[in-house]
Amino acid sequence: MHKTFFISDLHLSDGRPDLTALFVDFIQKHAKTADKLYILGDLFDFWIGDDEKSPVIDIVKTQLLELSEQGIECYFVAGNRDFLVGKRFAQACHMTLLPDYTVIDLYGKPTLLCHGDTLCIDDVKYQQYRKKVQQKWRQWLFLKLPLALRLKIAQKIRQKSQADKRQKAIEIMDVNADFVTKIMRQFQVKTVIHGHTHRQNIHEITEGMRIVLGDWGKTSSILCVESDGKCSFFNESLS
Ligand code: LP5
Ligand code: MN
């Protein structure tokens, strides 16, 4: 049986060696048995440019290269924390960058992939912020800054975001159902897979199916889609 894995929201950083260990375990034990691996954003806690060096970045690179050597293709859709992952890092990992809202042929089923943040349209403050940081000229300027300054700015944004999130109702940080329907119709799909909200689930909806990947913490969150169409999650912890 052929299978494809989907993961997102690992939020890897040097400060969380437990998450890195879970990732390595997943690559070694499971990913090597798949046809393809899709990473739907927020692989890293944040990304401030392909010139950053750190132990966790090296580990991820080594693991993804190993996958590629075994013939497993790896695809990456950027998240709201690592949207600055660029061609240089992707090439170093033999990973293919995909735009947000990519339709793939998943064993005969057209399936829409996205990180998920753009589906949360009720979080107006976030969407306003997102519009700004997605502007190419701002990103270009940001990447010209010294690494230490970029790190400071990213930390400031994180702090502000954490403070803001405490004031936001849980519902507004979820996807907007009508918007999901609109997008699914626009892309003519019956299945959408996304992350970001950390609410692992397989929802049967009028348009078809909305699969939400979970975040990684004490356990991983891995979606496995088999060639017969079966979808299942598994969550593993390190023994
Ligand atoms: O990530 P998560 O799930 O915790 O929260 C998100 C939204 N927050 C974010 C911010 C990220 O967490 C941090 C990103 C670091 C990026 C590093 C690179 C920077 C590059 C800049 C290039 C130009 O995405 C959060 C959502 C939540 O998901 C649920 O959907 O609510 O959104 C917010 O909280 C946004 C705030 O409401 C508004 C933030 C304004 C920040 C302005 C800071 C200005 C400081 C500038 C200092 C120079
Ligand atoms: Mn996210």
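Throughout, residues of each chain are indexed from 1 in the direction in which the sequence is written. As they are written, the chains are lettered A onward and the ligands numbered 1 onward, keeping that order. For this predicted model, a pLDDT threshold of at least 70 governs which residues receive local features, and a threshold of 80 or more governs which side-chain atom pairs are given and counted, while totals over whole chains, interfaces and linings are taken from all residues. Remark: hydrogens and water are excluded; side-chain values derive from all non-hydrogen atoms of the structure.

Going by the annotation in an unreviewed UniProt entry, the name recorded for the protein is UDP-2,3-diacylglucosamine hydrolase, with Actinobacillus delphinicola given as the source organism. Taken directly from UniProt, the Catalytic activity (unreviewed entry) text for the protein runs: "UDP-2-N,3-O-bis[(3R)-3-hydroxytetradecanoyl]-alpha-D-glucosamine + H2O = 2-N,3-O-bis[(3R)-3-hydroxytetradecanoyl]-alpha-D-glucosaminyl 1-phosphate + UMP + 2 H(+)". Its UniProt record, at the heading Subcellular location (unreviewed entry), says of the protein: "Cell inner membrane". UniProt positions are given in the numbering used here, feature names are shortened, and annotations may be inferred rather than shown by experiment.

## Looking at the coordination of the manganese ion (ligand 2)
For Na, K and Ca the donor cut-off is 3.2 Å, while for other metals it is 2.8 Å, and in both cases only N, O and S atoms qualify; water is not among them, so sites may look incomplete. Around the manganese ion (ligand 2), the protein supplies Asp42 (OD), Asn80 (OD1), His115 (NE2) and His196 (ND1) as donor atoms, at distances of 2.0 to 2.3 Å. Read from N- to C-terminus, the donor residues coordinating the manganese ion (ligand 2) fall into the pattern D-x37-N-x34-H-x80-H. Taken as a pair, His115 in the loop between strand 6 (109-114) and helix 4 (124-133) and His196 in the loop between strand 7 (191-194) and strand 8 (201-205) lie far apart in primary sequence, 81 residues in all. Assessed through its relative accessible area of 0%, His115 is described here as buried. To qualify as a helix, a DSSP run of H or I must reach at least 4 residues; to qualify as a strand, a run of E must reach at least 2; elements of each kind are numbered from the N terminus. Exposure categories follow from relative accessible area, calculated using a 1.4 Å probe and restricted to protein chains: below 20% of the type maximum is buried, above 50% is exposed, and the middle band is partly exposed.

## Some remarks on the pattern of salt bridges
Should their charged atoms come close, side chains of opposite charge can pair. A pairing counts as a salt bridge when a side-chain nitrogen of Lys or Arg comes within 4 Å of a carboxyl oxygen of Asp or Glu. One pass over the full model with this rule turns up twelve salt bridges. The closest approach of N and O atoms between Asp164 and Lys125, which form a salt bridge, is 3.0 Å. Within this pair, whereas Asp164 is found in helix 6 (residues 147-167), its partner Lys125 is found in helix 4, the two being separated by 39 residues in sequence. Residues Asp164 and Lys160 are paired through a salt bridge, measuring 2.9 Å at the closest nitrogen-oxygen approach. Here Asp164 pairs with Lys160, and both are found in helix 6, just four residues apart, close to one helical turn. Note on Asp164: relative accessible area 15%, which makes it buried. Salt bridges sharing common partners tie together Lys125, Lys160 and Asp164.

## Quick word on the nonpolar core
What makes a nonpolar core is a set of buried Ala, Val, Leu, Ile, Met, Phe, Trp, Tyr and Cys residues whose side-chain atoms join them at distances within 4.5 Å. Membership of the largest hydrophobic core comes to 38 residues, with the highest contact counts inside it found for Phe23, Leu37 and Leu64. Among the elements of the structure, strand 1 (3-7), helix 1 (17-29), strand 2 (36-39), helix 2 (55-69), strand 3 (73-77), helix 3 (87-93) and strand 10 (222-226) are those that each provide at least two residues to this core. Throughout, a contact is declared for two residues whenever any of their heavy atoms are within 4.5 Å. Those residues in contact with Leu64, other than ones at most four positions away along the chain, are Phe23, Ile27, Leu37, Ile39, Cys74, Cys93 and Met95.

## A few points about the environment of His30
By the secondary structure assignment, His30 is in the loop between helix 1 and strand 2. Classification of His30 by relative accessible area gives buried; the value is 17%. Sequence-wise, His30 and Cys224 are 194 residues apart; in three dimensions their C-alpha atoms are separated by 9.9 Å. Any N or O atom pair separated by 3.5 Å or less is treated as a polar contact, with the protein-specific requirement of one donor-capable and one acceptor-capable atom, and with residues adjacent in sequence counted only for side-chain atom pairs. In terms of polar contacts, His30 uses its side chain to reach the side chain of Glu236, at 2.8 Å.

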